[in-house]
Structures are given as C-alpha cells and as structure tokens.
Amino acid sequence: MLSQTIFESWLNWTCNFADVRYISFDEQWTPGESDARWRQQRTREMKCPACRTVFSGPAPQCPTCKLSLLRLDAKFGVVPRHTRYLTDRSGRLPLREIKKLRALLQIFEKKFPQSLFSVFVTNGVPSGSISEYAFWLANRTGFSSIQAVAGDNFDLLLGIDVETGIAALIIGYGLENYLTEDDLQAALAVAENAFRAGDFPRGIRECVEFVMSRMREIARTSEAHKRVGNLAAAGVNNR
C-alpha cells in the first residue's frame, strides 16, 4: 500500500489553504528490508483524510474514526476507468487541452523518470470528499506501471472535484524528502486563480509546471552539494 501526503485547496469559495497530512495505512515488513528503514517508516506523522486526526503511522486505520482502505473500498466501490497521465470524468476539459496536458505530463516523466505525475478530474465524489477519494485512487488505481511503495514511491496525483471546488495534491513517501509542505501548498496556490475562473486546463498546467520547476531547483541544489562533498573528500584524501 502506498503512503501518501495530501494537501487541500478550496478552489471556488475561499482563498484559505489548509495543508493536511493524511493517513498511511499499514505497510507490512518484507524480508531483506533494514530494521532502520522500517523504524523510519513507522514514525511518520499522519492525518486522517476524513476526521483529520493527527497520529503516528503507518497504521491499519485511523484511531479516531476508524477509516481504513477497506472502508473506502466499500464507500467508493469499483475503481473508475483511468489513464496513466490524465483522466477527465467531468467532461470539463476540451480534447485539445487534454492532449496538451498529457504531453506536458509526459515531459515531466522524461525529466524525472522515477516520478509519475497523474491528474484525475471528477464531477463530484459520491458519499465522500476529494481528499478521501484521491487517497483511495492513489492506493487502488496503480497509475504507474511500477508498483513502488513507501520510500520507493515518487509519484504525484492531483485530484480535482469541479463540483465542490476542491483539489488534493498527493505525493508518495519518496518525494517527502525533497518537496516540502510549503512547496505543495504553493503548487496549488499558483493554480487557484485559474481554477476559480473555471479554467481547469490552465490551472493544471500551472500546478504541474510549478512542481517541475521546483524539482529542477532541488536537483540542481543536490548536485551542487554532491560536488562540494566530493571536493571536500578529495581534499582530505590528498592530505
């Protein structure tokens, strides 16, 4: 099962952004996995996508409202049809824009081969919120052909409910070491005006481009630190 972080943004009625950390349901230890890595995974702070209780995870269910993936399975039923990059079940995105956005998401994957950025647009969530729905989709749909979990998951999912005007941006555990809550908050913020105007293609594009730019910055900084470290190590070895 995937461990996710979700951030919400009200798109239509308010400019307030609530950064929200969501539940990570229990991941089983596998042979060969280091005890240190397992302990690190076991001590992450989570927040339930339903009642928003904060607790240490992963856990089989929320300790307060008892939310679990099995309950979400019962609530949402059959996994909807979806595509790898962009799924529009709202009918609000023109075909020409869908093609452009899929091309952009493919560029994202080429620049960051370890990551897949998927977008799911829906016209209302039956019996639930986009936060719950996006979390469930990320765990059940398998947008990526590589079923990476925990620290090996670098995927992103942007879920948009055009009916309620709410979006949720989810990242896998692997990206939490690179993208901060402020980064994801900002990614949703740059798309807010477009979403509020009903221009969902532009909002999606601005969100994806912001994340792409931020990840480039992080990659450059990481490479710079690596070069400095190599130079320092070479200096020590030459003494």
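Just so you know, these numbers come straight off a predicted model, no measurement behind them.

1. Observations regarding unusual backbone geometry
Part 1 of the argument: Phi angles above zero are rare outside glycine, and Lys66 is one such case at about 70°.
Part 2 of the argument: One can find Lys66 in the loop between strand S4 (54-57) and helix H2 (69-76).
Part 3 of the argument: The exposure class assigned to Lys66 is partly exposed, which follows from its relative accessible area of 34%.
Part 4 of the argument: For Ser127, which is not glycine, the phi dihedral falls at a positive 60°.
Part 5 of the argument: Looking at where Ser127 falls in the secondary structure, it is placed in the loop between strand S6 (117-122) and helix H4 (130-140).
Part 6 of the argument: The class for Ser127 is exposed, based on a relative accessible area of 59%.

2. Points about the pattern of salt bridges
Part 1 of the argument: The tally for this structure, following the rule as stated, stands at 9 salt bridges.
Part 2 of the argument: For Glu206, the salt bridge goes to Arg202, with nearest N and O atoms at 3.1 Å. On the criterion of helical spacing, the pair formed by Glu206 and Arg202 is a turn pair, its members being 4 residues apart in helix H6 (residues 200-237).
Part 3 of the argument: One salt bridge in this structure joins Glu217 and Arg214, with 3.0 Å as the shortest N-O distance. A residue pair is termed a helical-turn pair when its members lie 3 or 4 positions apart in one helix, as Glu217 and Arg214 do in helix H6 at 3 residues.

3. A closer look at H2
Part 1 of the argument: Listing the buried residues of H2 in full gives Leu69, Leu72 and Phe76. Each buried residue of H2 lies within a common arc of 55° when the element is viewed along its axis, so the set occupies one face. For H2, the exposed residues set more than 90 degrees away from the buried face come down to Leu70 and Ala74.

4. Some points on the side chain of Asp161
Part 1 of the argument: For Asp161, the location among the structural elements is in strand S7 (residues 156-161).
Part 2 of the argument: Put simply, Asp161 is tucked away with no salt bridge, and the nearest opposite charge, on Arg92, sits 8.3 Å away.
Part 3 of the argument: Polar contacts involving the side chain of Asp161 include one to the side chain of Thr164, which spans 2.9 Å.
Part 4 of the argument: Apart from the residues within four sequence positions on either side, Asp161 is in contact with Thr122, Asn123, Gly124, Val125, Ile130 and Ile166.

5. Quick look at the packing of aromatic side chains
The relative placement of two aromatic rings is captured by the distance of their centres and the angle of their planes.
Part 1 of the argument: Within the structure shown, the criterion is met by 7 aromatic pairs.
Part 2 of the argument: With 6.0 Å between their ring centres and 70° between their planes, Phe120 and Tyr133 make a pair best called edge-to-face. On the criterion of sequence distance, the pair formed by Phe120 in strand S6 and Tyr133 in helix H4 is long-range, its members being 13 residues apart. Each member of the pair, Phe120 together with Tyr133, is buried.
Part 3 of the argument: Pairwise contacts between aromatic rings join Phe76, Phe120, Tyr133 and Trp136 into one cluster.

6. Points about the packing of H2 against H4
Part 1 of the argument: Two numbers describe how H2 lies on H4: the axes approach to 10 Å, and their chain directions differ by 105°. Here H2 lies roughly perpendicular to H4, going by the angle between them. Residues Leu69, Leu70, Leu72, Asp73, Lys75 and Phe76 of H2 form the contact with H4, whose own contacting residues are Glu132, Tyr133, Phe135, Trp136, Asn139 and Arg140.
Part 2 of the argument: Residues belonging to the contact of H2 with H4 are distributed by class as follows: 7 nonpolar, 1 polar and 4 charged.

7. Considering the pairing of S6
Part 1 of the argument: Here S6 lies mainly inside the structure; 6 of its 6 residues are buried.
Part 2 of the argument: Every second residue of S6 is oriented toward a common face, with Phe117, Val119 and Val121 on one face and Ser118, Phe120 and Thr122 on the other, all of them buried.
Part 3 of the argument: One ladder, built from 3 bridges, connects strand S5 (residues 86-88) with S6; its direction is parallel. Among the inter-strand pairings, Leu86 is bridged to a residue of S6, identified as Val119.
Part 4 of the argument: A crossover connection joins S5 to the parallel S6 through helix H3 (residues 95-111); in handedness this β-α-β unit is left-handed.

Here is what the cut-offs are and how they apply
Residues numbered from 1 in each chain as written. Predicted model: local features only at pLDDT ≥ 70, side-chain atom pairs only at ≥ 80, totals over all residues. Heavy atoms only, no water. Helix = DSSP H or I, 4+ residues; strand = E, 2+ residues; numbered from the N terminus. Buried < 20%, exposed > 50% of the residue type's maximum accessible area, 1.4 Å probe, protein only. Salt bridge = Lys/Arg side-chain N within 4 Å of Asp/Glu carboxyl O. Arc of directions from axis to C-beta. Lys, Arg positive; Asp, Glu negative; His and termini not counted. Polar contact = N/O pair within 3.5 Å; in protein donor to acceptor, adjacent residues only side chain to side chain. Contact = heavy atoms within 4.5 Å. Phe/Tyr/Trp six-rings, centres within 6.5 Å; stacked < 30°, edge-to-face > 60°. Axes fitted to C-alpha atoms, helices over the stretch in contact; angles between N-to-C directions. Parallel < 35°, antiparallel > 145°, perpendicular 65-115°, else oblique. Nonpolar A, V, L, I, M, F, W, Y, C, P; charged D, E, K, R; others polar. Pairing = 2+ DSSP bridges. Right-handed = clockwise from strand over helix to strand, strands pointing away.

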